[in-house]
Amino acid sequence: MKFLYAFFVGLALFSCSSEKSERSAPEIQWDFQRIDRDMAAAKSETEMAALLSKHPEISVGYFGASPSKTPYLAQDLFRLYANPALRKFYDQSQEAGFFGGDALEKELKQAFTKIQQEFPGVKTPKIRTVFSGFGGVGGGEFTAQNLVVSDSLIIVGLDYFMGSRGLYKAPNVYAYQMRRLEPKALVAQVILQYSAFLIKQTENDASLLSDMIWYGKGYVFAKTILPSVPDSLIFGYTQQEIAETNAFQKEVWEHFIDRKLLFSTDKTIKAKYLDDRPKTTEIGPACPGGIGRWLGWRIVDSYWKQKPKTTLAKIVTDPEANRLFLDSGYRGEADKQ
C-alpha cells in the first residue's frame, strides 16, 4: 500500500512538473514561410512576379532587386526553375536528409522559443527560405548568399546549405568552410549570426581581447540555445581539430601572452587570429583558423563556470570584456575529462 501511495504521489509530482515545464515555454510570434516551395510551384512568370511583389523582403532584401527590376527577376527565376539541372538540385533539397518535411521549421521554432525564455520580450524575427541556384539569375545583376540576418528578418538560401552531398557546391567555398554549410549546420549558423544582435561590447574597446570575447559570447549563446548540436557544426572545426585544440590550448594561450596580443588593436594582427582561415599558421601548421574566436569562447565559458548563477542574458549583454576576462580566471587550462 505504501508502495502504491509513493507511486501515485510521484506520478502526481511528475505531472505537475511536466505541466509547469509546458507552461513555462513562452508563446512567440512565429512567422516562418517556405518561399522556396512557392517559387518552385509557380506556373508562370506572372505567378512568380506576383509572389515576389507579395514578398518584397525576398525581392529587395535577398536579391537586391528594386521594384522596377522585380519583373525581370521573376522572369529569370521562373526560367531557372524550368531548367532540368536546377529542378533536380531543388528536388534533392526536398528530401528528408536535407530540407524536406517540417523538421527545419520545428528546430528553428524550438530555438527561438528558448531564446525568448532567456531574453523575455525580445521579438522573434520573421524567417523566409529561398532557393536560387546560388543566385544564378540576372547575369550577376541580382545578389544571393547563404544567410541574410537581422533582428527582424532572417532569409535562408537553402541551396548554400546542401553541403558536401549536394548535387552542386556553393561557389568560392573552400573545404574547411563546407562544414558550416552542411544541412545539419544550418540552424546553428542562423542562431550564431542572430546572437550578434543581442551581444553588447564596449564601443571604444578595439582590442583583440574584446573581439575574442565578443565571438566567445556568440558561441556560448549558440551552445546554450542548441545544446545537442555538435561543436563541429558551431565552430566549423573537425572533431580532430577540436580535440587537439583543447589538448594544446595551454600552448595556444602562451602564444597570445608571449606576444602580448590580447590588447593589440592592430587590424592586421587581429585578422590573423579572428578571420576565417584554414589554419592559424602563426601558431602552427595544425592550428585551425579563427583560433582567437575559439579562445574567446573558452574565456567566456570559464567565466560562466566561475559564476554559474549568472544568466545567459547577463553574460552576453555585459559589455566589459576586460572584467569578464579577469573574473574568468582562464589561463589556458584544458577542460578536465
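Above: the structure in question.
First things first, this report covers the structure right here in the doc. Model, not experiment: these values are computed from the prediction.

## A closer look at the overall build of the protein chain
Here is step 1: Regarding its fold elements, the protein chain presents 17 helices and four strands.
Here is step 2: Seen through its principal axes, the protein chain has C-alpha atoms that stretch 70 × 60 × 35 Å.
Here is step 3: Burial statistics for the protein chain: of 337 residues in total, 47% are counted as buried.
Here is step 4: Intrachain contacts of the protein chain at a sequence separation of at least 6 include 73% that bridge at least 24 residues.
Here is step 5: Total accessible area computed for the protein chain in this model is approximately 17400 Å², and 55% of it derives from carbon and sulfur atoms.
Here is step 6: In the protein chain, 42 side chains carry a positive charge and 39 a negative one; their mean positions are 3 Å apart.

## Focus: the pairing of strand 4 (residues 153-157)
Here is step 1: Where burial is concerned, most of strand 4 is hidden: five out of the five residues are buried.
Here is step 2: Residues Leu153, Ile155 and Gly157 of strand 4 are buried on one face, and the alternating residues Ile154 and Val156, pointing to the opposite face, are buried as well.
Here is step 3: Inspection of the sheet shows strand 2 (residues 126-130) paired to strand 4 by five bridges, in the parallel sense. Paired with Ile127 across the strands is Ile154, a residue of strand 4.
Here is step 4: Between strand 3 (residues 147-149) and strand 4, which follow one another and run antiparallel, lie three residues.

Criteria and cut-off values
Residues numbered from 1 in each chain as written. Predicted model: local features only at pLDDT ≥ 70, side-chain atom pairs only at ≥ 80, totals over all residues. Heavy atoms only, no water. Helix = DSSP H or I, 4+ residues; strand = E, 2+ residues; numbered from the N terminus. Buried < 20%, exposed > 50% of the residue type's maximum accessible area, 1.4 Å probe, protein only. Contact = heavy atoms within 4.5 Å. Areas by Shrake-Rupley, 256 points an atom, 1.4 Å probe, with all protein chains shown as cover. Lys, Arg positive; Asp, Glu negative; His and termini not counted. Charge placed at Lys NZ, Arg CZ, Asp CG, Glu CD. Pairing = 2+ DSSP bridges.

All quantities given are derived from atomic positions and should not be read as evidence of function.
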